[in-house]
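The primary structure of each chain is shown beneath.
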Amino acid sequence: MNAPREHWSGGLGFTLAAVGSAVGLGNMWRFSYMAAENGGGAFVVLYVVMTLLIGLPVMLAEFTLGRGAARSPIEAIGHYGGSRWKPLGVLFVVTGFTILGYYSVIAGWAVRYAVEGLAFGFPADAGAHFGEISEGWDTVAWHLGFMAITVFVVSGGVRAGIERAAILLMPALGAMIIGLAIYANSLEGAGAGYAYYFQTDFIQILDFDVARDAAGQAFFSLSLGMGTMLTYASYLSREHDLPQEAGLIAISDFGIAVVAGLVIFPLLFALGLETQIMGGETGTLGALFVVLPKAFSSMGAAGPFVGGAFMVALSVAAVTSAMSLLEVVVATAVDGLGWSRPKAAIVSGAAIALLGIPAALDIGILELMDSVGGALFLLVGGFFLALFVGWRVPDPIAEVGGTRRAGLGLWRFLLRWVVPSVLLLMSYFQGQASLELIRKLAG
Ligand code: PHE
C-alpha cells in the first residue's frame, strides 16, 4: 500500500516550485538565441500570442487533471479517460527522459562556467574554450554531477526537497537577474542592445518558421506538454485558484525571460560582439556560451564577478527546472510501480543520465534531442492534451471550480478548437524541422 500522497505546504510553495520549473535554461539560453535567430521583436510578439492563446489554456488543463486526479500523469489520464488514453501519459514520460537527458548536459556547461569563471576568470579565446568544454568525457562528468544534484533534491520529497529548494533559490535568482540587468544598463552602448531586442520586423510575424519556434518555445519555457504542471498540481489542495496560479506563473516566466534579454543584449552590443550571436561558427545554440564568456573576459576586473553571477543564476534556474522534469518520471514510478521515492529518483536519474551521454559527446545529438523532445514532443503532447480535456473529460469547468464560469467557457472553446488546430499545424512544421536535423546528422 502506498504512503498517503504528499502535499505542498500551502502559501507560496506550489507557486514558487512551478515558477522554478518554468524559469530555466529556456528563459536565458533558449529564449535569447531564438529571439536572435528570429528577428528580435517579431519573435517576442509571437511568443506572447502563443503564450496567451495556447500556453495558458494548456497549463490550466494540466492543473485541472493533476489536482482532480491527484495522481501522476499516466494514472491521472487513465482516471479521466480510461486505458485507451494512457499512451499519452507514456509520451509524457518519454519526453521527460529526452529533455532532461540533454538539459542536464547544458546545465553542466553552465555549472562549469560558474565554478571555473569564479575561480580563474573567463578565458579570452572563448570559442576554442567552448569547443573544449561542450563535448567529450569532461562534459559527461559535469553532466553526471548535475544529475546527481537533481536526484538528491528530488529524493528529499515534494515538501522537504523540491519546495524547500524553490523557496530558497527562486527569490535569489530573481534578485541576481535584476541586479545583472541594472549593471548591463550602466554600460556604454547598451542602448543599441535594447534597440535590437525590441525592434520588430513585422514581416516576420507572418513567417511560419518564426511562429513554429515561438510555439515550441512557449511550451518549453512554461514546462507544458509533458505533464510537469500536471504532476506538480497533483500535490495541490482544493483551495488554490487554478486560473490565477496559471496567470501568475506565465507572467513570472515571461518577465524573467525579458529581463534576461535585458542582460544579454546590452552586454553583447556594449562589447561589440553582437554579430557573433547570429549564426556564428558554433551556430546559435552554442552562441550564448561563447559570446557571453567572451564579453566577460573583455570586461576587465568586473568580468569574473558579473560572469560568475550570470552563470550561477543560469545554474540555479536549471536545477529548479531539472527537478520538475525528473519529478514526472519519479512520480510515475512511485504511483505506478509502488517504488519508494529515493529508489525511483536514483533509478530513473541514472537511466536519464545514461541517455544524456551521447548528447554530452556530440552537440549534433544534443541539438536533435532539443528539437524532438524539447519542441516536437511537447507540441504533440499539448495537442492531445487539449483534445483530451476539451472533449473527453466530462466536466472540466466544474473541476476547475471557482466562479469565473464565463471565462472558463472560453477556455473550453479554446481547448476544443483553437489550441488543437494551432498545435497540429505547429507540430507539422516542427516535425519537418526535426527531420531536417536528422538528415543533417545522418548525411
Ligand atoms: N521550462 C524549463 C525551462 O525553461 C524547461 C522545462 C521544459 C521544464 C519542460 C519542465 C518541462 O528551462
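Structure first, text after, so check above.
Rules behind the numbers
- Residues numbered from 1 in each chain as written.
- Predicted model: local features only at pLDDT ≥ 70, side-chain atom pairs only at ≥ 80, totals over all residues.
- Heavy atoms only, no water.
- Axes fitted to C-alpha atoms, helices over the stretch in contact; angles between N-to-C directions.
- Helix = DSSP H or I, 4+ residues; strand = E, 2+ residues; numbered from the N terminus.
- Parallel < 35°, antiparallel > 145°, perpendicular 65-115°, else oblique.
- Contact = heavy atoms within 4.5 Å.
- Nonpolar A, V, L, I, M, F, W, Y, C, P; charged D, E, K, R; others polar.
- Buried < 20%, exposed > 50% of the residue type's maximum accessible area, 1.4 Å probe, protein only.
- Near = heavy atom within 4 Å.
- Polar contact = N/O pair within 3.5 Å; in protein donor to acceptor, adjacent residues only side chain to side chain.
- Areas by Shrake-Rupley, 256 points an atom, 1.4 Å probe, with all protein chains shown as cover.
- Expected span 1.5 Å × (residues − 1).
- Bend = angle between axes of the 7 residues up to and from the residue.
- Salt bridge = Lys/Arg side-chain N within 4 Å of Asp/Glu carboxyl O.
- Lys, Arg positive; Asp, Glu negative; His and termini not counted.
- Patch = residues over 30% accessible without salt bridge, like charges linked within 9 Å, V, L, I, M, F, W, Y side chains within 5 Å.

### Digging into the packing of helix 10 (residues 208-221) against helix 19 (residues 405-442)
The N-to-C vectors of helix 10 and helix 19 enclose an angle of 105 degrees; their axes lie 9 Å apart at closest approach. Relative to helix 19, the element helix 10 is oriented roughly perpendicular. Contacts between helix 10 and helix 19 pair Phe208, Ala211, Arg212, Asp213, Ala215 and Phe219 from the former with Leu423, Leu425, Met426, Phe429, Gln430 and Ala433 from the latter. Residue classes in the contact of helix 10 with helix 19 are distributed as 9 nonpolar, 1 polar and 2 charged.

### With respect to unusual backbone geometry
Phi at alanine 70 is positive, roughly 50 degrees, even though this residue is not glycine. Looking at the secondary structure, you find alanine 70 in the loop between helix 3 (41-69) and helix 4 (73-81). Its relative accessible area of 23% is what places alanine 70 among the partly exposed residues.

### Digging into the site of the ligand
Close to the ligand lie 15 residues; Ala22, Gly26, Tyr103, Phe220 and Ser223 are nearest. The separation between an oxygen atom of the ligand and a polar main-chain atom of alanine 22 is 3.0 Å. One of the side-chain nitrogen or oxygen atoms of serine 223 is found 3.0 Å away from a nitrogen atom of the ligand. Burial of the ligand by the protein chains amounts to 100% of its free accessible area of 320 Å². Of the residues assigned to the shell around the ligand, the class counts are 6 nonpolar, 9 polar and no charged.

### As for helix 8 (residues 158-185)
Across its 28 residues, helix 8 extends 38 Å between first and last C-alpha, which sits within 8% of the 40 Å expected from 1.5 Å per residue. By the largest-angle criterion, leucine 169 marks the main kink of helix 8, which is about 30 degrees, and a proline, proline 171, follows within four residues.

### Digging into the pattern of salt bridges
Taken as a whole and assessed by the stated rule, the structure comprises 8 salt bridges. Put simply, glutamate 116 and arginine 112 hold a salt bridge, and the shortest N to O gap is 3.1 Å. Here the residue glutamate 116 and the residue arginine 112 both occupy positions in helix 5 (residues 86-120), the gap between them amounting to 4 residues, near one helical turn. Of the residues examined, glutamate 116 reaches a relative accessible area of 22% and is grouped as partly exposed.

### Section: the environment of alanine 76
The topology assignment puts alanine 76 in helix 4. Spatially, the C-alpha atom of alanine 76 lies 8.8 Å from that of serine 234, the residues being 158 residues apart in sequence. For alanine 76, the contacting residues outside a window of four places in its chain are Leu65, Ala69, Arg71 and Leu230.

### Quick word on the packing of helix 2 (residues 25-37) against helix 3
Running from N to C, helix 2 and helix 3 cross one another at 125 degrees; their axes reach a closest spacing of 7 Å. With respect to helix 3, the axis of helix 2 lies oblique. Note on element contacts: helix 3 touches helix 2 through Phe43, Val44 and Tyr47, opposite Phe31, Met34 and Ala35. Residues that form the contact of helix 2 with helix 3 fall into these classes: 6 nonpolar, no polar and no charged.

### Description of the environment of leucine 268
You can see leucine 268 is positioned in helix 12 (residues 242-270). The spacing of leucine 268 and glycine 189 is 79 residues in sequence and 9.3 Å in space, taken between C-alpha atoms.

### Quick notes on the side chain of glutamate 163
By the element assignment, glutamate 163 lies in helix 8. For the buried residue glutamate 163, which engages in no salt bridge, the nearest side chain bearing the opposite charge is arginine 159, 5.0 Å off. Beyond its immediate chain neighbours, meaning those up to four positions away, glutamate 163 contacts Trp8, Ser9, Gly13 and Val158.

### Remarks on a nonpolar patch on the surface
Where nonpolar side chains cluster on the molecular surface, the patch consists of Trp391, Leu410, Phe413 and Trp417 and spans about 470 Å² of accessible area. At 3 residues, the largest contribution of residues to the nonpolar patch is made by helix 19. Secondary-structure assignment places leucine 410 in helix 19.

### So, the environment of isoleucine 133
Locating isoleucine 133 in the fold gives a position in helix 6 (residues 126-134). Note on isoleucine 133: relative accessible area 3%, which makes it buried. In this structure, the C-alpha to C-alpha distance between isoleucine 133 and alanine 360, residues 227 residues apart in sequence, is 9.5 Å. Dropping the residues within four chain positions of it, isoleucine 133 is found in contact with Trp109, Arg112, Tyr113 and Thr139.

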